[in-house]
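These are the residues of each chain, in order.
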Amino acid sequence: MTDEGSDHKTRVTVLVALAANLVIAVAKAIGGLVAGSPALLSEAAHSVADSMNEVFLLAALRRSRRPADRRHPFGYGKERFFWSLLAAVGIFVMGGCFSFFQGFEALTSDAAEGLSGYVAGLIVLGVALLAEGASLVRALYQVRRQGGAGAGLRDPALRTVVAEDGTAVLGVTLAMVGMALHMVTGQVVWEASASIAIGMLLVYVAFRLGREARDQLIGEAADPESSGRICALLRAQPEIDSVEALFTMKTGLDTALVAARVDLVPGLDSERVEEVAVRIKRSIARTVPEADQIFLDVTDRPAREAAESPAATGERGGA
């Protein structure tokens, strides 16, 4: 699947999730206000946060594909990670914190909820469960089409949608259980506890998504398999005496920077060194397609040792 095709499918998945969350957020908010349900209002906040996050993810999909320019010579691929980090912050602030507030407020409130409120709330949550479940199925289907959990969830936009929809399904279930127990026992503590549990769930998901986005923003290395293939390729070259260092860094969803410092066998002239460097770069690009920026620091060991000798560096020894 091409990068453009993958992005198009991810965009459709995000739009489906956005449409579902907008409709559900309105329904939950109205139902929560009518029923006076803290759990339902917490779920409304959850859906509003998810809707804002889908907008962030759409921005990430559009902006991360801009070509490199003078100001950003390595491209804009990391925009994907930045907007995913904002989405994680949105889940934490708009979803988790509001859910905690609703839960604690319910514990200190004496508001009563009538039978009509329970029925309206449960109906809204039932519809929400179906809509969120459908969106989750769509996201999981795309993950499977893009290579399963390992490859499909590399995309932070798709990973965020899966996390949001999975959390939404679990959150709606918690809200329904809390409302049902409140209706049966007459104790608001059940519904308040459900709201607090939803808040804890959202904070945990936000932490996981935020940590992953942070790692990618500050310069995460390419996956070990790709690094291993590059290192094996370098060591297999007859002109390379040793691989002194290999550095990789993800610059986008499917792009990476590769920098290697290698010692060449003695006796190669400058023209031969240039030919070897070009050939190695092309081999790396074919072996690891995401390596779009490749830098080689090639040295001749005897020349390097001479340059680092005490005479060359100005260091002096002796008794």
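Residues numbered from 1 in each chain as written. Predicted model: local features only at pLDDT ≥ 70, side-chain atom pairs only at ≥ 80, totals over all residues. Heavy atoms only, no water.

This part is about the pattern of salt bridges. A side chain with one charge can pair with a side chain of the opposite charge if their charged atoms come near. Here the structure, examined in full by the defined rule, presents 8 salt bridges. Between Glu-79 and Arg-63 there is a salt bridge; the shortest N-O distance is 3.1 Å. Of this pair, Glu-79 sits in helix 3 (residues 79-107) while Arg-63 sits in helix 2 (residues 38-63), and the two are 16 residues apart along the sequence. A relative accessible area of 15% places Glu-79 in the buried class. (Salt bridge = Lys/Arg side-chain N within 4 Å of Asp/Glu carboxyl O. Helix = DSSP H or I, 4+ residues; strand = E, 2+ residues; numbered from the N terminus. Buried < 20%, exposed > 50% of the residue type's maximum accessible area, 1.4 Å probe, protein only.)

At a minimum axis distance of 7 Å, the contact between helix 6 (residues 156-185) and helix 7 (residues 188-217) shows a crossing angle of 170°. Classified by the angle their axes make, helix 6 and helix 7 are roughly antiparallel. Classifying every residue of the contact of helix 6 with helix 7 by side-chain character gives 16 nonpolar, 7 polar and 3 charged. (Axes fitted to C-alpha atoms, helices over the stretch in contact; angles between N-to-C directions. Parallel < 35°, antiparallel > 145°, perpendicular 65-115°, else oblique. Nonpolar A, V, L, I, M, F, W, Y, C, P; charged D, E, K, R; others polar.)

Let us now look at empty space enclosed by the protein. Summary: where empty space remains is shown by rolling a probe the size of a single water molecule over the atoms. A full pass over the atoms with the stated rule returns 2 cavities of 30 Å³ or more. Its volume calculated, the second largest cavity comes out at about 30 Å³. Lining the second largest cavity are Ala-222, Ser-226, Ser-227, Ile-230, Thr-248, Ala-256, Val-258, Val-288, Glu-290 and Ala-291. Elements with a contribution of two residues or more to the lining of the second largest cavity: helix 8 (224-235) and strand 2 (256-264). Among the elements that take part in the lining of the second largest cavity, helix 8 stands out by supplying 3 residues, more than any other. Among the residues making up the lining of the second largest cavity, the classes are represented as 6 nonpolar, 3 polar and 1 charged. (1 Å grid on protein atoms, 1.4 Å probe; cavity = no way out; pocket = protein on both sides within 12 Å on 5 of 7 lines; lining within 4 Å. Points joined across faces, edges and corners; volume = space filled by probe spheres on them.)

Note that strand 1 (residues 240-250) and strand 2 share 9 bridges and pair antiparallel. Bridge assignment links Leu-246 to a residue of strand 2, and that residue is Ala-260. Taking the residues that link successive antiparallel strands as the turn, the strand 1-strand 2 hairpin has 5 residues. (Pairing = 2+ DSSP bridges.)

In this section: helix 9 (residues 270-287). The first and last C-alpha atoms of helix 9 sit 26 Å apart over 18 residues, in line with the 26 Å expected at 1.5 Å per residue. Along helix 9, the residues that are buried comprise Val-276, Ala-277, Ile-280, Ser-283 and Ile-284. Seen from one end, helix 9 has its buried residues packed into an arc of 130°, which puts them on one side. Those residues of helix 9 that are exposed and angled more than 90 degrees off the buried face are Glu-271, Glu-274, Arg-282 and Arg-286. (Expected span 1.5 Å × (residues − 1). Arc of directions from axis to C-beta.)

A few words on the side chain of Arg-80. Counting through the fold element by element, Arg-80 comes out in helix 3. Those residues in contact with Arg-80, other than ones at most four positions away along the chain, are Asp-7, Ala-60, Leu-61, Ser-64, Arg-65, Asp-155, Pro-156 and Leu-253. (Contact = heavy atoms within 4.5 Å.)

Once that is clear, we can look at the side chain of Ser-242. Its location among the elements puts Ser-242 in strand 1. Of the residues examined, Ser-242 reaches a relative accessible area of 18% and is grouped as buried. Here the side chain of Ser-242 touches Glu-244 through a polar contact of 2.7 Å, side chain to side chain. (Polar contact = N/O pair within 3.5 Å; in protein donor to acceptor, adjacent residues only side chain to side chain.)

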